[in-house]
Amino acid sequence: MENPAFVSDGDAQVTQRGGHEVVRGGESVRGRGSSLPGTESQAEGKSAGLEGGKPAPNDPINLERRVGLLSGVALIVGTMIGSGIFVSPKGLLQRTGSVALSLIVWGACGCLSLLGALCYVELGCMIPSSGAEHTYYQTAFGHLPAFLFAWVSIIILKPAMLAIICLSFSKYLVEAFASECEPPLMAIQLLGALTIVIITFINSYSVTLATKVQNVFTAAKLLAILIIVVGGMVKLAQGNTQYLATGFKGSTNSLGDVATAFYSGLWAYDGWNNLNYVTEELKKPYTNLPRAIIIGLPLVTICYLLVNVSYLAVMSPDELLASETVAVLFGGRLFGIAGQVVMICSVVMSTFGSANGSCFTAGRLCFVAAREGHMVDVLSYVHAKKLTPSPALLFNATIALLMVIPSDIGSLIDFFSFTAWIFYGGAMAALLVMRHTMKEAPRPYKVPIFIPIVVLIISVYLVVGPIIDSPQIEYLYASLFIIAGLIFYFPFVYMKKSLPGMGHVTTFFQLLLQVVPTDVMPDA
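Worth saying up front: this structure is predicted, and the values here are computed from it rather than measured. (Residues numbered from 1 in each chain as written. Predicted model: local features only at pLDDT ≥ 70, side-chain atom pairs only at ≥ 80, totals over all residues. Heavy atoms only, no water.)

Draft legend 1. Representation of the packing of aromatic side chains. For the coordinates displayed, the defined rule picks out 25 aromatic pairs. Taken together, a centroid distance of 5.3 Å and an interplanar angle of 75° make the contact between Phe 508 and Phe 509 edge-to-face. Relative accessible area serves as the criterion here: at 48%, Phe 508 is assigned to the partly exposed category. What makes Phe 509 partly exposed here is its relative accessible area of 34%. The ring of Phe 360 carries Arg 364 above its face, with NZ or CZ at 3.9 Å from the centroid. (Phe/Tyr/Trp six-rings, centres within 6.5 Å; stacked < 30°, edge-to-face > 60°. Buried < 20%, exposed > 50% of the residue type's maximum accessible area, 1.4 Å probe, protein only. Lys NZ or Arg CZ within 6 Å of the ring centre and 35° of its normal.)

Here it is, written out as structure tokens:
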């Protein structure tokens, strides 16, 4: 079972990983079905490989293109609309200080996410390889920035997102059985952990099952949004406009407060880049990637604005700030006990679908990083029969389970948003660099140059503003963790050292999980 091309790279400068040519210590990467523009994969854009379907009998084992346009939209919308809209309104309103400013921030977060997503469309069509920022950093800047992104994302960001969503899921579900008292923390933690296990099993068992789950739960959450919006519009039609009429009264004057308010809002929008993590599994990526983003982002922005207006048509700002389960309070006000039950069920389904999408994309990032030599080899293996990146999925779940223990959702959101926007800004910089270093590269979609510049400037503000105005310990932890990645990069990636016995460990997990490298030929 041991494959020498994966268990030990030795002193080789060029190795093959799943059909990818990985130049150790170099500045570029070419991937399976996703070579840099101008190479043969660009000419294969209309081939069966990009159209989707099963590989030819003699193709090596790898992930298949099984994500279509509908599933792509569901992945974006389903991941974005999760716990954020049901948790973040409190933090955002508290930090902005007024109803009008909070709504402006909600709209601005949607516009910023759309601008960032348009930049990712260009990047994804120019370099149609999974891994999103990891792939773009490696192409534009080389191995070190790509590794640092993978280091922080795989160890902190992606597991933190899964932990946050699953804790929100369990909090709402436990709320249904402990409505007269504060839900027990242990119950929330155990249920959150169980949810992580179930979602990881679904994604490890079948890509088709995972995408079907995503489609169904996305439809369910859109129905929940529709119920909230219709209920709010009815209240507005009845003249309940007194809370919205307060306008800008009480607005904050602090730039740091506005920046951290953006953190709360952008957390609710986060997921707009998730389709870029699975580009290699997307059918017709040059067509479906831009279409999915153009459909998904405006839909989510409209939903968020209407939901917040609906909340304020039923609840006062003070009531909204005092509630930890805004949607449940909303349902109770409108429909009594039945409304609370409906909202709890709707939110539970919404957060479960969001967690499923987060798990799906996190596994792909870990898989790609390991395939390029930035993580241990076994994380780049796929199940011999199911063709799912099960080792990467299990690794992500293990870290997420550890993050469930603290259960501090607010601190996790601040930590996540601060670190994530460092890397989103880096992706904008990568796009600008490649406009000069890869001028002749074919670009099926090309974003106006001012858009990545604007997003880059805003991302710098979102990172620097809170540090100057209201420094928090989470920002220091995030910065130190990024720097700590250098300790692992130089010996294990740059110098290609390996710990004694890693070959035996790899073989053990390979046999235990029934996984194989992505350059192994399938059995006849």
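Draft legend 2. The arrangement of the pattern of salt bridges in detail. This model, assessed by the stated rule, comprises six salt bridges. Between Arg 364 and Glu 281 there is a salt bridge whose closest N-O contact spans 2.7 Å. With Arg 364 in helix 14 (residues 326-371) and Glu 281 in the loop between helix 11 (255-269) and helix 12 (285-314), this pair connects stretches of sequence that are 83 residues apart. Its relative accessible area of 1% is what places Arg 364 among the buried residues. Among the ionic pairs, Glu 319 bridges to Arg 333, the shortest N-O distance being 2.5 Å. Here the residue Glu 319 occupies a position in helix 13 (residues 317-322), and Arg 333 occupies one in helix 14, the gap between them amounting to 14 residues. Bridged by salt links that share partners, the residues Glu 122, Arg 435 and Arg 443 form one connected network. (Salt bridge = Lys/Arg side-chain N within 4 Å of Asp/Glu carboxyl O. Helix = DSSP H or I, 4+ residues; strand = E, 2+ residues; numbered from the N terminus.)

Draft legend 3. Molecular detail of helix 7 (residues 133-140). For helix 7, the buried fraction is high: eight of the eight residues fall into the buried class. Considered for burial, the residues of helix 7 that qualify are Glu 133, His 134, Thr 135, Tyr 136, Tyr 137, Gln 138, Thr 139 and Ala 140. Gly 142, located one to two residues past helix 7, shows a positive phi value of around 105°.

Draft legend 4. Local environment of the environment of Gly 485. One can find Gly 485 in helix 18 (residues 473-494). The spatial distance from the C-alpha of Gly 485 to the C-alpha of Phe 149 is 9.2 Å, given a sequence separation of 336 residues. Excluding anything up to four places from it in sequence, Gly 485 contacts Phe 147, Leu 148 and Trp 151. (Contact = heavy atoms within 4.5 Å.)

Draft legend 5. Just the nonpolar core, in detail. By size, the foremost hydrophobic cluster in this structure holds 146 residues, and its most contacted members are Tyr 304, Tyr 311, Trp 421 and Met 434. Counting residues per element, this core draws most heavily on helix 8 (residues 143-177), at 22 residues. Every residue in contact with Met 434, bar those within four places of it in the chain, is listed here: Leu 123, Met 126, Ile 127, Tyr 136, Thr 139, Ala 140, Lys 439 and Arg 443. (Core = buried A, V, L, I, M, F, W, Y, C linked by side-chain atoms within 4.5 Å.)

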